[in-house]
Structures are given as structure tokens and as C-alpha cells.
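Reading the structure
Below are the chains, spelled out letter by letter.
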Amino acid sequence: MRVRGAIMPASGAYTVDGACTAARYYKLKLLRSIAFIAISATAGTALAQSTPVSPAADAALPGTPANVQSKAGETNPLPSRDTTAEGDGPANEIVVTGSSIRGVAPTGSNLISIGRDTIQATAPANTKELLASIPQLGNFGANAEQSTPSRFRTSGFQPNIHNLGTFATLTLFNGHRFAPVGGEAVFPDPSIIPVIAVQRVEVIADGASSVYGSDAVAGVVNFIYRRNVEGIEASATYGFNGSRYQKRDASIIGGHSWGSGSIMAAYEYSDNKSPLNTEIETLALGGDQRSRGGRDLRQNTCLDPNVTVGGKTYAYPTYTVGRNLCGVLNEQQVIPDGGRHAALVTVRQTLNDTIELWSEFNYSSYKTTRTGGRQALNLTIPNTNPFFRLPPGVTAKSIAVTRSGLGLFPGAVSDQTSKVWGITAGADIKLGSDWVANILTHVSKTNDYNKDPELDLLAAQRLANGTTPATALNPFGQAADNNPAVLAQINNDYAQINKTSQRLRELQVKADGPIVTIPGGEIRASVGLDVRTEQAVQLQTAGSPNATLLVVRDDDISRSVSSAFTEVNIPLFGEENALPGLQRLVVSLSGRYDYYEKLHGVFNPKYGIVWSPIRGISAHGSYGTSFAAPNIGLTTSTFTVPRPNSALNLTDVTTGTFLGTLNVLNPGGGNPDLTPEEATTWSAGVDLAPGFVPGLRMSATYYNVEYRNTVNSITTAQVLTIPGFVGFRTLNPTPQQIADLLARFPPQAPITTGFDAIIYLNAQNIGIRKIAGLDIDASYAFNTSFGAFTLGANANRQLKYEQQVVTGTPFTSRLGTSDAVKWKGRFSLGWNLEPVNVSVFVNHTGGFTNTTITPNQSVKSFTTIDLSVSFTLDRLIQGASIQFRGANVFDKNPPFYNAANGYFPNLASPFGRQVEATLRIKI
């Protein structure tokens, strides 16, 4: 065999047998190049990643997995995790998400799995992108970095199963919890895991508090790490779309097994650059959506001031009665620019025939920056200010001026950093009679730093009182019309700074194994104890380093949780005693008792059943209760936020008075008095895997949840327009009421005005939600003489979403609104004929009603198509592949949503077409 068309290195000659040497040379050269990109990704342009998809190996590209095998070898038709993955071993050694018994699927519950091949086909830059492709999650189809924003939390995607609420979904890392990130509404960040190290993602779309405790009301999302990786793999990704947008990822993973043990280490660098608001058509309109049939929602805080005098407002410089309206004032990123380093190391070592030790180490460092706008300046200008101006024909000794800080000052650049580390260690101990004890210890810590620059409003008012051109602020001009020394006193590094640290310590001891053998098979059980401590340390300050800082909150709170849990799996009928109409019948019972310091104890049971009347057809059902303890980030202290000149534009429900622009004082932040949320959940479904159609699998599951005592952060619109919320506001408060409130809850910023309203926006236990729907999962894989084909579908149909916002008030349906879009689905077609692999994905979000306006608006459905084409390069370089991927290949814009942005960010991405290239190699 000869190498044809290859350029040989000058250092040596090649013989007829030199093809393997040549291939190895180029493979090592390519691997070194990719490794170099991983190290220097911040400086150069990287290529992109993926291994070609094998449809036969990963039959359901949208997320339908292979079936799990029970210990007896009976196929469990429940959608479940792929047990054929590298190094996982026999099925009876596996603990599947949703069950604490080895080799037992979560009986009666719907389990969705996304395998390694699917991950490679979609080539996500981080796990947030991966999750945004699952229809059962609330923010399906949205840009991952926009999905769960919060001021004092690193932006990102928090899984939200069936849109029940972000507090209702538990995120697990290889089966265990992890310390959350941020300050308010804290959640674990799944993007600390290098994507190259993820074997699969398992989603239990059913209540699971009987196994995992708090937060598993809607279900669990579990990220499973790869095991027994042999050799080295490297990948690099580059994506763009013609705007400022850019996506880069470079990663490397290596591992080795030595009979009695193994090690795996992975590193990933990923970053993104955001498009600008001026580059996206709907945002560039600046809120004026009239050209699209919408409203003019431009802001009235502009570069030119609005002047109020004698109870009348004038637009400067024309002094016409009314307010200036303006659109985009400066270029801003749509999402933060970010860069992340992530690392994972896992080690396993068998000591003897009885004990195996294992450990995991996680580390992540994430930094984002974002250019935003500027605060509004609300100033009183006396006639002693040399720049004082009055509307024609008006006399007064002072005027009120409102304008944007932009024009006088550049846009504020906000910085966020988040560092995460965690160590997990454990032992698997064989106790005999197929019983195994598992000991898990875990400690993790996150450190977040957020800095949001602001203007010194007290200094601004002081300088507005200046009496000479050199010492006075000119609010009618721009930066060039002011003394730089005056502006520097206002833009004096004043900032909101939040430093937080979240900590988790956990010890879990569990044992599982068979109890007795009955005609249907082995009754297997598990029992365990768990103790963990959660701690949140937070310091929030406001002010300038050169002046006295306001301490907004200084928290150090912790809580301890002690738990006991058990589970029993009873196969009443199986292969050995099957009867007509009773090929298989399995019953599962599980329960968990959690004792929370200060919250007392909570017990949650769950019952599951699987019945197979004939081979290939099974029905399953479950019933249980779940709960979510108050998110520790929401139990911190309350503070107040002054919001002068707030444009409410709402009609008061009690008086019918139109409330235009008011000075508002908002109590916000945490609420130490929150109590647990509770839920009752049940589900029923059918699974089909007919033997007469090899490769066909179908599943449909109905779910029903009643979610009580839910935690919500109330909105201003709710307080002013819903009668049940009038207790959370005070209109026209007295000076004493304001003084009493500020004495109890420190202000986030200096108080520069009086207040027309006090509106409580901190978290409260309010309301009930009743939710029901249908999850549909199907796949069909078949081979032909011209390649292997795979068809797949994963869809969610919401059937009910009723909400009682205040106890005692009627339930209202939110079905068909942005809270509960009726249809979400992802469909796929895959074709493989070596060395080519093609995958087409169709993403569909149904239309919904925009209820924020009257009359309500009907928002159209949104369908996009993704295309992935990959090529194996084995004939050139063994183990190498290249992939090209287009997201939203037809460049469709999100459907029009009659609001200032012109689209609904939780259900659609405005980025348009995105093109990516992926290079991958394995040796």
C-alpha cells in the first residue's frame, strides 16, 4: 500500500509499508495543532468539533435512548439510558437516574436520554446549548445565554422541566448535587462540565423527591460523565453568523485503564462574542415596533432632557409639551461576552475483590463582560446654575430635569466572574449476596464577583447646584459641553458590587441488593442516609471607593439537611412466570424523609408500576409527592431599590387611574420567612417496541402536577393590576412610612427623591399551579443498500396550565400563553453512508397568545431547521473527522411579539443563521 498525494516530512523516507507511519505522523501533527488551539483559543480562530453520528448507535437523535436491560435480561421498554456506552459495564452495575437500585430503571416514570452521538451531532459549545435543544425544558429554542438571566447570578440556562419553574428541577452532576453559583436564586451551573467529558444527559420528567429530596418536583436532569476513556481525543469548534457573533470551543480529553483502575482528564476552553443590538433588526428599532404592526415603546429617558416645571413636562430643546422619545442610544451586547475554562478529572481504583475507590475533581473559571446603558439622571436644577433654562413664557426658581446618563458618560461595562471547584470521593463495597454499599463524600464551593458600574447620584445633584460653569453640571449638554472634572465626580467608580460564596458539604451512605427471589424475579431494595450542609455568604455594597459605601446586605446563612430514604422493586411477573396478558408486571415503592433545620421534616413517597401485556408493549404509571425547600439564595436579607421616574404605564385595578411615570421604592432581595413548595404528581404512559418492526420505538407519557405554595417574585404589573396583590403595595406613602421601611431594609442606592409608591418585589409564597401535558418520543432506525437511516421525534404537548396567583382567588388558564405553549418539538432525519453522515433537525415552537396587551396578540409559531454534515477522514488520518453545521439554516427571524424587543426571548433566539465547523481527532 502506498501513500498517494501526501507531503512527506523532510526528516525521513517512506517505504511501501509506510502508510501507517504517514497516517500517524499527520494524526499527531493534527492533534498537536488542536491542543495548541485549546491553549491559545483566546488569541486565534479555532475550528470546530464533532465525530460523525452513527444512526444505528444512537437511534434517536433528538434524545430517545437505547433501552436498559434488567438483571434477568428482560428488556425494559421504558426510555432509558444507553448501557452500551464506553466502560459502563453490565446493566446490573448501573444506577439509572430516578432510581437508587442498580440495574433498575425508574419504574413508572418517563426517562429521556441524550447520548454521546447526539451530543456530537449538535456540537454544543457548552452544556447550556445542549439543554436548550430539549422540548421538555421550559426554554427550548431560546439562546442559552439569555435563558435564565439574573443580575447577581452568572447568566446561563437553568433546566426547567415542563416550565413548572426553575426551583422545581433538580440538577445533578454524575448523580450528586453541586454547590450553586451566584447570589439571588442560586442554581448549579451545568456548564462547569467540559462537553467532551459528557457521556449522556438523563432527564426524569416526573417528580423524584422520594429518591433525591428537594427541588425534584418536575424532575431531574443528570449529567453522566464518560468512563474508561482510552487514548486522547481533541476537538475544536468555530462558529459565526456574519455579525459580531462568534463561538469558539477547544477541548481535549485523555484516559487510560490498567485492569484494576482507570483515569480520565478533560479540559475545555469556550468563549462567545455577542451580536450587538444594532445588528439585529428587531432590536435596532429601539422599541418602536409600529413598522411591524406593533406599538411605539421607545423610552422617554433620552440624550435630550425632559423638563418639568409647574406640573407640566416639556421636551427639550423644542420645549413642546410632552416628553422626548428615543430608541437605541448606544451599542450593547445582546448577551454578555464570556469565556470559560473547565476541567474534570475522574479516577477509579479497585483495591481488592471487595472495595473499589473513586473520585472526581471539577474546576471552572468563567468571566463575562457586557456594555450596557446608563442610569437616568433625575435632578432639580436651581436658577443659580449657570446652565439653567426655562421654557418660553415660563417663570420658576427651579426645574426638574430627567435625562439619560448616556451622552454625558459612556455605556457602563459590567463584569462578572465565577469560579467553581468541587471534590467528590467515594467507595463501592461488596457486602456479599450481591449487596453493594456506596459511600459518597462531596465538598464544593463557588465564588462569584459581580460589578455593575453606576453613577453617583448624590454627586450629580450636588453638582447640579453648582454656581459657575467650572463647578456646575450642564444637564442640557453632552460630555463636550461639561467640565471633565465635574463629570469625573459623578462617574467616580461608583458601583453595585456583589461578592458571594456558595458552599456544599455532603455525606451519603447507601446499600442496595436483592432481598428474595419470587417467581417473577428478584425483589431488590435500597436503603440510605444522607447529611448535607448548605451555606451562602454574601456581601453587597453600593458606592464609590472614595466615599462611604452603602452595605446593602451582609449575609452568612446556612442550613443542615438530614435524610433517610428507601426503595423496593418488586417483579410480580417476568420471564419465568409470564401469563397471557401478564408478560411483565413490576411494582416500585420508594420514600424519603428530609429534615431541614428551621423548616422541620418532610416525607415524600412514590409508587410506580410497569405492566406489559404482550412483549413489545408496556404501560407505566406513577404517583407521588414532592417538595422544594426555599432556594437558599432567596432566604437572604431584604433591601430596597429606589426607582425614580419609573414608567409604569399601567391602570390601577382599584381606582381605574392611569399610572404613568412614578417614583417607586421597591423592597427586593430575599425573604427569610419563605416555606417549602409542595406538589402532588402522577403520570401514565405507553411504550411500544414491536418486534415485527425492528428499530421502531414509540412512547407517550401523560403527566399531571399540582404545585402548591409556589415561590414567586411578584412583578409591578401584578401588584397594580391584580386585586389579590394590593397588600403588596402602598400608594402615596407618608414620609414616616418611607422612613420606617428604609430603617428596616437598607437602600441599594442613595435616596434622591420622594416616592409615590412602595411596591414589594421580593420573593413570596403565593399561589397554586395545576399543570398537565403529554411527552411524545419516537424513533425508527433501518438499513438500506444506500445507507442507514434514522427518524426521530421528541415533542411536548401542554394540555393544562392553570394558576391561582393568590389563595382564595379563581384559577385562570395560562394554556396557550408564553407560560404554556401548546406544542414544542424536535424532529430529526439521519443518514449514514461511510464516510458521510448527514443529520437534519426541525425545531418547532407553537404559536401562543401575548396576554400582556389588550386586545391580546396572537403570536405565530416558530420553526427552524438545523443541518449537520460530517465526514470521517479515516482514509487520510485514522480517528479524524470534520463536521459542518448550520443552525437556523434558512435564517428565519423570531415571530413578532408586540413588546419593546419585538420578540419573546424565552422562546426564540434572534441570532439568525449560525454556521459552525468542527474538527475532531482520536488516537
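For the structure itself, look to the data block above.
Read on for an overview of the structure.

**Topic: the overall build of the protein chain**
- Assigned secondary structure in the protein chain consists of nine helices and 42 strands.
- Relative to its 923 residues, the protein chain shows a buried fraction of 56%.
- At a minimum sequence separation of 6, the contacts of the protein chain that also span at least 24 residues come to 71%.
- Looking at the protein chain as shown, the accessible area adds up to about 35600 Å², and 58% of this sits on carbon and sulfur atoms.

**Thoughts on the pairing of strand 26 (residues 658–669)**
- Across the 12 residues of strand 26, nine count as buried, placing the element largely inside the fold.
- For strand 25 (residues 638–651) and strand 26, the ladder comprises 10 bridges, and the chain directions are antiparallel. Across the sheet, residue T651 finds its bridge partner in strand 26, namely F658.
- Where strand 25 folds back onto strand 26 in an antiparallel hairpin, the turn is made up of six residues, including G656, whose phi is positive at roughly 75°.
- Alignment of strand 26 against strand 31 (residues 757–759), held across two bridges, turns out to be parallel. Counterpart to V664 in the pairing with strand 31 is A757.

**As for the state of the cysteines**
- In this structure the tally under the stated criterion is one disulfide.
- Here C302 connects covalently by a disulfide to C326, the sulfurs 2.1 Å from one another. A torsion of -95° about the S-S bond marks the disulfide between C302 and C326 as left-handed. One end of the pair, C302, is in the loop between helix 5 (281–284) and strand 10 (306–309); the other, C326, is in the loop between strand 12 (320–321) and strand 13 (337–350), with 24 residues separating them in the sequence.
- What makes C302 buried here is its relative accessible area of 3%.

**Points about the pattern of salt bridges**
- Applying the stated rule across the entire model yields 30 salt bridges.
- One salt bridge connects K606 with D206, and the closest N-O pair in it is separated by 3.4 Å. Of this pair, K606 sits in strand 23 (residues 600–614) while D206 sits in the loop between strand 5 (198–204) and helix 4 (209–212); the two residues are 400 residues apart in sequence, bridging distant segments of the chain. Neither K606 nor D206 differs from the other in exposure class; each is buried.
- Salt bridges sharing partners connect three or more residues here, namely R102, D434, K510, D512, E522 and R524.

**As for unusual backbone geometry**
- The linkage connecting Y316 with the following residue, P317, adopts the cis geometry, with an omega of 10°.
- Examined against the element boundaries, P317 turns out to sit in the loop between strand 11 (312–315) and strand 12.
- The omega torsion across E834 and P835 is 10°, close enough to zero to call that bond cis.
- By secondary structure assignment, the location of P835 is in the loop between strand 36 (823–833) and strand 37 (836–845).
- With phi around 55°, H162 is a residue other than glycine that occupies positive phi space.
- Mapped onto the secondary structure, H162 falls in the loop between helix 3 (127–131) and strand 4 (169–173).

**Considerations on empty space enclosed by the protein**
- Enumeration over the complete set of coordinates arrives at nine cavities of 30 Å³ or more.
- Space inside the second largest cavity adds up to approximately 360 Å³.
- Taken together, 27 residues line the second largest cavity, and the ones lying closest to its centre are R177, P180, P188, D215 and E534.
- Contributions of two or more residues to the lining of the second largest cavity are made by strand 4, strand 19 (495–518) and strand 20 (521–543).
- For the lining of the second largest cavity, a count of residues per class yields 13 nonpolar, eight polar and six charged.

**Regarding the environment of S590**
- With respect to the secondary-structure elements, S590 resides in strand 22 (residues 584–596).
- Relative accessible area serves as the criterion here: at 12%, S590 is assigned to the buried category.
- For S590 and S210, which are 380 residues apart along the polypeptide, the C-alpha to C-alpha distance reads 5.9 Å.
- In contact with S590, not counting residues within four places along its chain, are S210, V211, T566, E567, N604, P605 and K606.

**Looking at helix 6 (residues 457–464)**
- Listing the buried residues of helix 6 in full gives L457, A459, A460, L463 and A464. All buried residues of helix 6 fall inside an arc of 155° around its axis, so they share one side.
- Close packing links the buried residues of helix 6 with strand 15 (376–382) and helix 7 (484–490).
- Sitting at the head of helix 6, D456 places a side-chain oxygen 3.3 Å from the backbone nitrogen of L458.

**Examining the pairing of strand 19**
- In this structure, strand 18 (residues 435–453) lies alongside strand 19, joined through 18 bridges in antiparallel fashion. Of the residues in strand 19, the one forming a bridge with S444 is L504.
- Where strand 19 meets strand 20, 23 bridges bridge the pair, whose relative direction is antiparallel. Paired with I497 across the two strands is T541, which belongs to strand 20.
- Between strand 19 and strand 20, which pair antiparallel and follow one another directly, the connecting turn spans two residues.

**Side note on the side chain of T301**
- Its location among the elements puts T301 in the loop between helix 5 and strand 10.
- Non-local contacts of T301, meaning those with residues more than four positions away in its chain, are made with C326, L329, A376, R403, S404 and N645.

**Overview of the packing of aromatic side chains**
- With the rule as written, the count across this model stands at 16 aromatic pairs.
- Consider the rings of Y316 and Y319, whose centres lie 5.6 Å apart with planes at 80°: the pair is edge-to-face. Accessibility assignment for this pair places Y316 and Y319 in one class, buried.
- Through pairs of rings, three or more aromatic residues link up here, namely Y780, F782, F786 and F789.
- Geometry around Y366 places R340 over its ring, the cationic atom sitting 4.1 Å from the centre.
- The cationic tip of K770 hangs over the ring face of F811; the distance from NZ or CZ to the ring centre is 4.5 Å.

**Examining the environment of W682**
- Within the secondary structure, W682 is located in strand 27 (residues 677–688).
- Leave out the neighbours within four places in its chain, and W682 touches S622, Y623, Y702, Y703 and N704.

**Focus on the sheet that holds strand 31**
- Read from one edge of the open sheet, four strands run 25-26-31-30, paired in mixed fashion. Either end of the sheet is taken by a strand with one partner, and the two such strands are strand 25 and strand 30 (729–731). Across the sheet, the mean angle separating the axes of adjacent strands is 25° when strand polarity is ignored.

**Some words on the sheet that holds strand 6 (residues 219–225)**
- In space, the four strands of this open sheet follow the order 3-5-6-4, with mixed pairing throughout. At either margin of the open sheet sits one strand with a lone partner, and together these are strand 3 (111–114) and strand 4. Taking the axes of each pair of neighbouring strands and ignoring which way they run, one obtains an average angle of 15° across the sheet.
- With five bridges connecting them, strand 4 and strand 6 associate as parallel partners. Counted as the bridge partner of T171 is V221 from strand 6.

**With respect to the nonpolar core**
- One finds L164, V201 and Y707 to be the most contacted residues of the largest nonpolar core, which totals 48 residues.
- For this core, the secondary-structure elements that each account for two or more residues are strand 3, helix 3, strand 5, strand 6, strand 9 (261–273) and strand 28 (696–708).
- Not counting the four nearest positions on each side in its chain, V201 is found in contact with I112, S113, I114, L130, L131, V221, N222 and F223.
- Within the second largest apolar cluster, 23 residues are counted, among which are L377, L408, A464 and L473.

**Observations regarding a nonpolar patch on the surface**
- Among the surface-exposed residues, F361, Y363, W421, I423 and V443 lie close enough to one another that they form a single nonpolar patch of about 380 Å² accessible area.
- Those elements giving two or more residues to the nonpolar patch turn out to be strand 14 (355–371) and strand 17 (413–432).
- Examined against the element boundaries, F361 turns out to sit in strand 14.
- Take F361: its relative accessible area is 35%, and that puts it in the partly exposed class.

Each value, and the rule that gives it
- Residues numbered from 1 in each chain as written.
- Predicted model: local features only at pLDDT ≥ 70, side-chain atom pairs only at ≥ 80, totals over all residues.
- Heavy atoms only, no water.
- Helix = DSSP H or I, 4+ residues; strand = E, 2+ residues; numbered from the N terminus.
- Buried < 20%, exposed > 50% of the residue type's maximum accessible area, 1.4 Å probe, protein only.
- Contact = heavy atoms within 4.5 Å.
- Areas by Shrake-Rupley, 256 points an atom, 1.4 Å probe, with all protein chains shown as cover.
- Pairing = 2+ DSSP bridges.
- Disulfide = S-S within 2.5 Å.
- Salt bridge = Lys/Arg side-chain N within 4 Å of Asp/Glu carboxyl O.
- 1 Å grid on protein atoms, 1.4 Å probe; cavity = no way out; pocket = protein on both sides within 12 Å on 5 of 7 lines; lining within 4 Å.
- Points joined across faces, edges and corners; volume = space filled by probe spheres on them.
- Nonpolar A, V, L, I, M, F, W, Y, C, P; charged D, E, K, R; others polar.
- Arc of directions from axis to C-beta.
- Polar contact = N/O pair within 3.5 Å; in protein donor to acceptor, adjacent residues only side chain to side chain.
- Phe/Tyr/Trp six-rings, centres within 6.5 Å; stacked < 30°, edge-to-face > 60°.
- Lys NZ or Arg CZ within 6 Å of the ring centre and 35° of its normal.
- Axes fitted to C-alpha atoms, helices over the stretch in contact; angles between N-to-C directions.
- Core = buried A, V, L, I, M, F, W, Y, C linked by side-chain atoms within 4.5 Å.
- Patch = residues over 30% accessible without salt bridge, like charges linked within 9 Å, V, L, I, M, F, W, Y side chains within 5 Å.

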